[in-house]
Amino acid sequence: MGKLEGKVAVITGGSSGMALASAMRFVEEGAYVFITGRRQEAIDEAVRLIGRNVTGVRGDAANLDDLDRLFATVKREKGRIDILYASAGMGEAVPLGEITEQHFDAAFNLNARGTLFTVQKALPLFNDGGSIFMTGSVAALKGYPGYSVYAASKATLHAFARGWLNELKGRNIRVNVLHPGPIATPMQDKVLTPEAKQMFESAIPRGKMGRPEEIAAAALFLASDDSSFVNGLELSVDGGLSAI
Ligand SMILES: NC(=O)c1ccc[n+]([C@@H]2O[C@H](COP(=O)([O-])OP(=O)(O)OC[C@H]3O[C@@H](n4cnc5c(N)ncnc54)[C@H](OP(=O)(O)O)[C@@H]3O)[C@@H](O)[C@H]2O)c1
């Protein structure tokens, strides 16, 4: 019997990278997953890769109407949610002195505001005893040049988690934050220069970036009853990068 047998999971940004690897793992463990993303062709390819027990819903996690459509689909198809993995996020490097309103608004609009409304709009469908977790970043725990706005937008998630788990205690819903370290995903390929990649790799004790499957293993832990007494945690999965 799988660790998520019969569970319904919603994974925003699940059409690529670590959230896609997690969606595949959740289905292997018996879950039904809803994945989202803005590009239909990426969703179609992800649905093909996952193969079964999956619905792809196109939408922007920063757009409240799209979130309403997502949860209306979940309600119609499954009627309830056990696991919410809010992973859609973005970040670009812009140093202090060059930060624009547009840069600030884009990061906070998706990473903070979008994540908040994703959780809030999921709640009416949530089963008591469910698990919510959100993708932060080790950037929120360190001081990487150029990443202050991204880091600040991701640091909001732990503050959200602490308040929400207290507000939700009567329903036994847990709220955690998963902080990936540098993980080799399509997003990394887009935003990291070879020099930045080398800088991050040299800071990881094993000298190599993480793999999406290594995040999926941690996501499975947070999603399943294996973490039944884990609540309000910031779980760094970064090969030790943030510890040294
Ligand atoms: N990779 C890393 O090293 C790293 C480290 C720490 C934290 N993170 C965080 O981890 C999360 C996933 O990153 P990843 O590296 O796995 O990225 P990825 O491979 O590029 O995947 C990102 C996924 O999110 C979707 N997405 C992006 N913006 C969205 C939006 N506004 N609404 C809905 N879906 C959206 C993308 O699809 P569309 O483009 O089609 O929308 C895609 O499915 C992000 O929150 C990121 O900040 C990444």
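Residues numbered from 1 in each chain as written. Predicted model: local features only at pLDDT ≥ 70, side-chain atom pairs only at ≥ 80, totals over all residues. Heavy atoms only, no water.

Trainee: Could you clarify how one ought to interpret the environment of N127 in this entry?
Mentor: When you line up the elements, N127 lands in strand β5 (residues 126-135). Each C-alpha atom, one on N127 and one on I173, is 8.2 Å from the other, the two residues being 46 residues apart in sequence. Among all residues touching N127, those that are not within four sequence positions of it are R80, I81, D82 and I173. (Helix = DSSP H or I, 4+ residues; strand = E, 2+ residues; numbered from the N terminus. Contact = heavy atoms within 4.5 Å.)

Trainee: What exactly am I supposed to notice about empty space enclosed by the protein here?
Mentor: Remark: the empty space left among the atoms is shown by a probe the size of a water molecule rolled over them. Going through the model one piece at a time under the given rule, you end up with two cavities of 30 Å³ or more. Roughly 60 Å³ of internal volume is contained in the largest cavity. Considering the residues around the largest cavity, the lining is formed by T12, T36, V57, R58, G59, D60, A61, D66, L67 and L70. Sorting the residues of the lining of the largest cavity by element identifies β3 (54-58) and α3 (64-77) as the ones contributing at least two each. Take the lining of the largest cavity: its biggest share by element is three residues, from α3. Taken together, the residues of the lining of the largest cavity sort by class into four nonpolar, three polar and three charged. (1 Å grid on protein atoms, 1.4 Å probe; cavity = no way out; pocket = protein on both sides within 12 Å on 5 of 7 lines; lining within 4 Å. Points joined across faces, edges and corners; volume = space filled by probe spheres on them. Nonpolar A, V, L, I, M, F, W, Y, C, P; charged D, E, K, R; others polar.)

Trainee: Got a minute to help me understand the site of the ligand in this structure?
Mentor: S15, R38, Y150, T185 and Q188 are the nearest of the 28 residues found near the ligand. Note that an oxygen atom of the ligand is positioned 2.6 Å from one of the side-chain N or O atoms of S15. Within the contact set of the ligand, an oxygen atom lies 2.7 Å away from a side-chain nitrogen or oxygen of Y150. Of all the cavities here, the one that holds the ligand is the largest pocket. (Near = heavy atom within 4 Å. Polar contact = N/O pair within 3.5 Å; in protein donor to acceptor, adjacent residues only side chain to side chain. Sits in = over half its atoms within 2 Å of the grid points.)

Trainee: Help me out: how do you make sense of the layout of surface pockets in this one?
Mentor: Of the volumes computed, that of the largest pocket is approximately 1100 Å³. Around the largest pocket sit 43 residues that line it, and S87, G89, M90, G91 and M187 are the ones nearest its centre. Of all elements in the fold, only α1 (17-28), β2 (32-37), α4 (101-122), α5 (148-167) and α6 (186-191) reach the threshold of two or more residues within the lining of the largest pocket. Top contributing element to the lining of the largest pocket by residue count: α6, with five residues. Within the lining of the largest pocket, the residues separate by chemical class into 21 nonpolar, 17 polar and five charged.

Trainee: Sorry if this is basic, but what is going on with the environment of A152 here?
Mentor: Turning to its location among the elements, A152 is positioned in helix α5. Expressed as a C-alpha distance, the spacing of A152 and Y85, which sit 67 residues apart in the sequence, is 20 Å.

Trainee: What exactly am I supposed to notice about the pattern of salt bridges here?
Mentor: Opposite charge on two side chains permits pairing when their charged atoms draw close. In total, this model carries 10 salt bridges according to the counting rule given. For the salt bridge of D226 with K3, the shortest nitrogen-to-oxygen distance reads 2.7 Å. Of this pair, D226 sits in the loop between α8 (212-223) and β7 (234-237) while K3 sits in the segment before β1 (8-12), placing them 223 residues apart in sequence. A salt bridge links D82 to R80, with the shortest nitrogen-to-oxygen separation between them at 2.7 Å. On the basis of relative accessibility, which here comes to 28%, the residue R80 falls in the partly exposed class. (Salt bridge = Lys/Arg side-chain N within 4 Å of Asp/Glu carboxyl O. Buried < 20%, exposed > 50% of the residue type's maximum accessible area, 1.4 Å probe, protein only.)

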